[in-house]
Amino acid sequence: MTALLDILLSATFWAAAVRIASPLIFATMGELICERAGVLNLGIEGIMVIGAFSGWITVWAGAGLWEGVAVAMLAGMLFGLLHAVLVVPFGLSQHVVGLGVTLLATSTSYFAYRLMLPQVTSPPKIEPFAVWEVPVLSDIPLIGPALFAQTPLTYAAFAVAALVALVLWRTPLGLAIRAAGENPSAVDAQGLSVTGLRIGAVVVGSGLMAVGGAFLTLSAFSSFFFEMVNGRGWICIALVVFGAWRPGKAVLGALLFAAFDALQVRLQQTPLGQVVPYQLFLMAPYVLSIAALVLMSRRASVPAALMQPFNRGER
Amino acid sequence: MIVAPVLRLCGITKRFGSLVANDAISLSLNRGEVVALLGENGAGKTTLMNILFGHYVADAGTVEVMGQPLPPGHPRAALAAGVGMVHQHFTLADNLTVLDNILLGTRPLWRPGLRKAVARARVQALSQDFGLSVHPDARVGTLSVGERQRVEILKALYRDARILILDEPTAVLTPQETEALFRTLRLAVGRGLSIIFISHKLHEVMGVADRAVVLRHGRVVGEVATADTDRHALAALMVGEEVVPPKVAPPTPGPVLLRLDDVTTAQAGTATGLRRVTLDLRAGTITGLAGVSGNGQAALSDLVSGVIRPQAGRLHIAGAPVTHWTPREAVGAGIARIPEDRHSTGTIADFTLTENAILEGYRSRFAKGGWMNWRAARAFAEGIIRTYDVRCPGPDTRIRLLSGGNMQKLILGRVLEPGPRIILANQPVRGLDIGAITYVHSRLLQARDAGAAVLLISEDLDEIMALSDSIHVISEGRLSPGFARGTMTQQQLGLWMAGHGFADAA
């Protein structure tokens, strides 16, 4: 029990939780934008992989870190455009296309990796984003190191979440996007293009997912390896539901999940870890997330037109 | 002084393949005028309005608003020119607030900020001015149908519409809501707006419109000032021939097929339950149930169809009390149902006509040893399509592609073809046009003459009085005694509907 308390009161634990949450926040915001516009994007897992790879390979080839982020974002937007074109104007199954995009983006990354680095056994490392301590604020005990001694991309993640909330609820564009996810006919009747809004939302959302992936290679780890996204995309889909399609709640969900994850690693080091198999610790964040999801999502109001293709002529 | 019309449609022609939906239609609308656009389903009213609103591009013809030609195919241009459309199927997002729905698309997308406070004040002012009371911050999903329609009208007014197009606005309203709508329309006209009112309820048209334009098969077949005509002349213009209401022969009452004996049902949420209702349905008669919607009609209809069970009291089928009562028992007892809402409970939109035709008989008649007999099912559907004149491409068409009237004809065939003993007809002609209404009524009368007991539930007193051999009024779950045909006036029934005359048991 004291071991648990020690962990919960350590600044490194909270710093780790915020760090682990950052890529989830980017990708969750991306998925949230897509779903608010009425499109489920199961390409998220693959788009995170392509983001992680393309950002990393750009930096490895000699470009700057921010250029890596930009390239990752563009790559994500490209795959987002593919998903959007297939599911919005053509109205194909969002599940099938999404999983297809995930497979395509993942294998494209691995293929390109093999083409560019045919001989290596362990992937080369790059110099990742350094921690940037916010003056004064980072000196606050516990909160300071957790929130204000992070890499720039972590700050960007929180800024993006705030921006997404602001745009969706405080601008005409955001209202139109949300209406496209609630009742596309309402958008159409006002002379706005449902197709344009949805494609735009999916492309921008996919760009954010890819930045989430790039966080892994450019900020968290310093190289790219296979399986590194490891289901984070699927977690983000659950986080959108957990957050009831609201950015603030989704960020809280991401932090909660990340805290569980950081906690289980540390619990493995305690005497408890001697008796309990480590696989159970690995399971813990997921089990707790599912439990939280069940409790939280009961009253969630899903966008009414989520996954409904819009076709003007149809009755 | 010659005043130019605010809206002029000139020689509008639109073809869909070989079908000419609009054939050189011309129409003009003056400032402060209400024009009714009349026509049966499929006459081309909706196509014409879709062209005006830029959803379709006409093959020929021009649209002018305030003297300016409107570029074809641009809904935004129509909106900007001051044309506002209130669709029959509302285009509102349920999870957004009233204000959000009104604001949608009114500001350029890339401009930051929604300026909700300004907008809210303006919406409140408009609500006041036009008698459209609705709370701007209410979620649309929580509103009644009448309130949602007010939101649709507010949407148009908020955009400074000068021309309002209302597509069958009263189809979904109660009589009281209809009255309120007409008050709003008069206020709007008083402020110089012009209105096109699409309908086929002739008494409303006579009450609210200055002029009526009648369409048939895509052509204008008549244009008359309502002051110079009457309902019968308009009906004849619409249908193309004199409309003759079905002849009602004297009934030959048989034994009681269904008896409710002092039945009370549970209150379900806000829905009224039945309170000590006793009712006999006799073979060879039509029993009419009059009443304002929401007074227990739903409970009675659910009870008869086996969806709910009596809390107290007994149900007798052909003299024998029933113990186990479920929809399956009801179907087994020979009760056929024309449901109130053909879309939500009457049909499955994405099923074919064949599948929809056998929804109630798939276990017995169209299955053998657990396997579907699709050949028999298809033949059954084809029979209905022929006998009941269901206009459709074929039995494999998804039913959502059919018009309301044709959907109802299929349901009618499904209900009547097996020769049921008891027929529950709940609002059987809601939303149908005159031709279809006459058809449904004559079929119900035929079934009665063949010995069926029919329970007709309707909010339309004209319909009840024309068809019923015996009329009961339902009010707050209580049932009046039965009145024989011709013994009551509309006014007397109206008093019962308002709750007068009941020996108040509760």
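Just so you know, these numbers come straight off a predicted model, no measurement behind them.

Draft legend 1. A look at a nonpolar patch on the surface. Residue and element names in this part refer to chain A. Among the surface-exposed residues, Leu-5, Leu-8, Leu-9, Trp-14, Leu-137, Ile-140, Leu-142, Ile-143 and Leu-147 lie close enough to one another that they form a single nonpolar patch of about 740 Å² accessible area. When residues of the nonpolar patch are traced back to their parent elements, those giving at least two are helix H1 (2-8) and helix H6 (143-148). Considering the arrangement of structural elements, one finds Leu-5 in helix H1.

Draft legend 2. Focus on the interface of chain A and chain B. Contact residues are listed per partner, giving 25 residues for chain A and 31 residues for chain B. Of the roughly 2300 Å² buried where chain A meets chain B, counting both sides, 62% is carbon and sulfur surface. Inspection of the chain A/chain B interface yields one salt bridge. Here A:Arg178 ties to B:Asp100 by a salt bridge, and the two come within 3.9 Å at their closest N and O atoms. Seen at the junction of chain A and chain B, the total is eight residue pairs in polar contact (both at pLDDT 80 or more). With seven residues, helix H8 (residues 172-182) of chain A is the single largest residue contributor to the side of chain A that touches chain B. In terms of residue class, the side of chain A that touches chain B is built from 13 nonpolar, five polar and seven charged.

Draft legend 3. Expanded view of the side chain of A:Gln190. Mapping A:Gln190 onto the fold places it in the loop between helix H9 (184-189) and helix H10 (194-220). Judged by relative accessible area, which is 5%, A:Gln190 ranks as buried.

Draft legend 4. Structural detail: the nonpolar core. Counting residues in each nonpolar core, the largest one holds 132 residues, and the members touching the most others are A:Met29 and A:Phe224. For this core, the leading source of residues is H10(A), giving 14 residues. No fewer than three residues from each of domain 1 (1-82 + 162-241) and domain 2 (89-160) of chain B sit in this core. Other than its neighbours up to four places away in sequence, A:Met29 contacts A:Val160, A:Ala161, A:Val164, A:Leu208, A:Pro247, A:Ala250 and A:Val251.

Draft legend 5. Seen up close, the UniProt feature "transmembrane region" (unreviewed entry) in chain A. Residue and element names in this part refer to chain A. UniProt feature "transmembrane region" (unreviewed entry): in the numbering of this structure it lies at residues 6-27, 39-63, 69-89, 96-117, 155-177, 197-221 and 278-297. What you have in residues 39-63 is 68% helix and 0% strand, and the ends, taken at the C-alpha atoms, are 34 Å apart. Secondary structure content for residues 197-221 is 96% helix and 0% strand, and the end C-alpha separation is 35 Å.

Draft legend 6. Seen up close, the sheet that holds strand S3 (residues 34-38) of chain B. Residues and elements named next belong to chain B. Across the sheet, which stays open at both edges, the six strands sit in the order S6-S7-S8-S3-S9-S10 with mixed pairing between neighbours. Sheet topology places strand S6 (83-86) and strand S10 (219-225) at the edges, where each strand pairs with a single neighbour. Shown here is a sheet whose adjacent strand axes are inclined to one another by a mean of 20°, direction ignored. Along the sheet, helix H1 (residues 45-52) contacts S3, S6, strand S7 (163-167), strand S8 (194-199) and strand S9 (211-216); its crossing angle with S3, the most-contacted strand, is approximately 130°. Across the face of the sheet, helix H5 (residues 145-158) comes into contact with S6 and S7 while running at roughly 170° to S6.

Draft legend 7. Geometry of the sheet that holds strand S2 (residues 19-29) of chain B. Residue and element names in this part refer to chain B. Sheet architecture is open: four strands sit in the order S2-S1-S4-S5, paired in antiparallel fashion. Every interior strand has two partners, whereas the edge strands, S2 and strand S5 (68-69), have only one. Alignment of strand S1 (residues 7-16) against strand S4 (residues 60-65), held across five bridges, turns out to be antiparallel. From the neighbouring strand, Thr-13 faces S4, where its bridge partner is Ala-60. Each of S1, S2 and S4 touches H1; the most contacted strand, S1, lies at about 115° to it.

Draft legend 8. A look at the pattern of salt bridges. Residues and elements named next belong to chain B. Taken as a whole and assessed by the stated rule, the structure comprises 25 salt bridges over all chains. A salt bridge links Arg-15 to Asp-59, with the shortest nitrogen-to-oxygen separation between them at 4.0 Å. In this pair, Arg-15 is assigned in strand S1 and Asp-59 in the loop between H1 and S4, connecting sequence segments 44 residues apart. As a salt-bridge pair, Asp-469 and Arg-485 come within 3.1 Å of each other at their nearest N and O atoms. Separated by 16 residues along the polypeptide, Asp-469 in the loop between helix H16 (461-467) and strand S21 (470-475) and Arg-485 in the loop between strand S23 (483-484) and helix H17 (490-497) bring together distant segments of the chain. A relative accessible area of 32% places Arg-485 in the partly exposed class. Ionic contacts of the salt-bridge type, sharing partners, join the residues Arg-448, Asp-449, Asp-469 and Arg-485 into one network.

Draft legend 9. Here's a closer look at the packing of helix H4 (residues 65-87) of chain A against H10(A). All names here are of chain A. Following both chains from N to C, one finds H4 and H10 inclined at 140°, their axes separated by 7 Å at the closest point. Between H4 and H10, the angle is such that the two are oblique. Remark: the crossing between H4 and H10 carries right-handed chirality. Contacts from Leu-65, Gly-68, Val-69, Ala-72, Met-73, Gly-76, Met-77, Gly-80, Leu-81, His-83 and Ala-84 in H4 reach Ile-199, Val-202, Val-203, Ser-206, Gly-207, Ala-210, Val-211, Ala-214 and Leu-218 in H10.

Draft legend 10. Looking closely at the confidence of the model for chain A. The predicted model of chain A averages 92 in pLDDT, with 97% of residues at 70 or higher. For chain A, per-element mean pLDDT is lowest for helix H14 (residues 278-296) of chain A, which scores 81, and highest for H4(A), which scores 98.

Draft legend 11. Quick look at the side chain of B:Arg443. All names here are of chain B. Along the polypeptide, Arg-443 turns up in helix H15 (residues 434-449). This buried residue, Arg-443, is left without a salt bridge; Glu-417 holds the nearest opposite charge, at 5.9 Å. A polar atom in the side chain of Arg-443 sits 3.3 Å from the backbone oxygen of Thr-387. Apart from residues no more than four positions distant in its own chain, Arg-443 is found in contact with Thr-387, Tyr-388, Leu-412 and Leu-416.

Draft legend 12. Focus on the packing of aromatic side chains. Taken as a whole and assessed by the stated rule, the structure comprises 19 aromatic pairs over all chains. For the pair A:Trp66 and A:Phe129, a centre-to-centre distance of 4.9 Å together with 65° between the ring planes defines the contact as edge-to-face. Taken together, the positions of A:Trp66 in helix H4 and A:Phe129 in the loop between helix H5 (94-116) and strand S1 (132-133) put the pair 63 residues apart, joining distant regions of the chain. Taking relative accessible area as the criterion, A:Phe129 reaches 8% and is therefore assigned buried. Grouped by ring-pair contacts, the aromatic residues A:Phe53, A:Trp56, A:Tyr110, A:Tyr113, A:Phe224 and A:Phe226 constitute a single cluster. Sitting over the ring of B:Tyr158, B:Arg122 keeps its end group 4.6 Å from the ring centre.

Draft legend 13. Seen up close, helix H7 (residues 152-170) of chain A. Residues and elements named next belong to chain A. Taking 1.5 Å per residue, 19 residues should reach 27 Å; H7 reaches 26 Å between its end C-alpha atoms and fits that length. If you check which residues of H7 are buried, you get Leu-153, Thr-154, Ala-157, Val-160, Ala-161, Val-164, Leu-168 and Trp-169. Take H7 and look down its axis: the buried residues cluster within an arc of 140°, on one side only. Looking at H7, the residues exposed on the side facing more than 90 degrees away from the buried face are Leu-163 and Arg-170. Against the buried residues of H7 lie helix H2 (11-36), H4, strand S2 (149-150), H8, H10 and helix H12 (247-269).

Draft legend 14. Region of interest: unusual backbone geometry. The backbone phi angle of B:Met66 is positive, close to 50°, even though this residue is not glycine. Mapped onto the fold, B:Met66 is located in the loop between S4 and S5.

Draft legend 15. Main features of the confidence of the model for chain B. For chain B, mean pLDDT is 88; residues scoring 70 or higher make up 98% of the total. Across the assembled chains, the prediction reports ipTM 0.87 with pTM 0.80.

Cut-offs applied
- Residues numbered from 1 in each chain as written.
- Chains lettered and ligands numbered in written order.
- Predicted model: local features only at pLDDT ≥ 70, side-chain atom pairs only at ≥ 80, totals over all residues.
- Heavy atoms only, no water.
- Patch = residues over 30% accessible without salt bridge, like charges linked within 9 Å, V, L, I, M, F, W, Y side chains within 5 Å.
- Areas by Shrake-Rupley, 256 points an atom, 1.4 Å probe, with all protein chains shown as cover.
- Salt bridge = Lys/Arg side-chain N within 4 Å of Asp/Glu carboxyl O.
- Helix = DSSP H or I, 4+ residues; strand = E, 2+ residues; numbered from the N terminus.
- Contact = heavy atoms within 4.5 Å.
- Buried area = accessible area lost by both parts, 1.4 Å probe.
- Polar contact = N/O pair within 3.5 Å; in protein donor to acceptor, adjacent residues only side chain to side chain.
- Nonpolar A, V, L, I, M, F, W, Y, C, P; charged D, E, K, R; others polar.
- Buried < 20%, exposed > 50% of the residue type's maximum accessible area, 1.4 Å probe, protein only.
- Core = buried A, V, L, I, M, F, W, Y, C linked by side-chain atoms within 4.5 Å.
- Domains from an automatic or database assignment.
- UniProt positions renumbered as here; feature names shortened; annotations may be inferred.
- Pairing = 2+ DSSP bridges.
- Axes fitted to C-alpha atoms, helices over the stretch in contact; angles between N-to-C directions.
- Parallel < 35°, antiparallel > 145°, perpendicular 65-115°, else oblique.
- Left-handed = near helix turned anticlockwise from the far one by under 90°.
- pLDDT = per-residue confidence, 0-100.
- Lys, Arg positive; Asp, Glu negative; His and termini not counted.
- Phe/Tyr/Trp six-rings, centres within 6.5 Å; stacked < 30°, edge-to-face > 60°.
- Lys NZ or Arg CZ within 6 Å of the ring centre and 35° of its normal.
- Expected span 1.5 Å × (residues − 1).
- Arc of directions from axis to C-beta.

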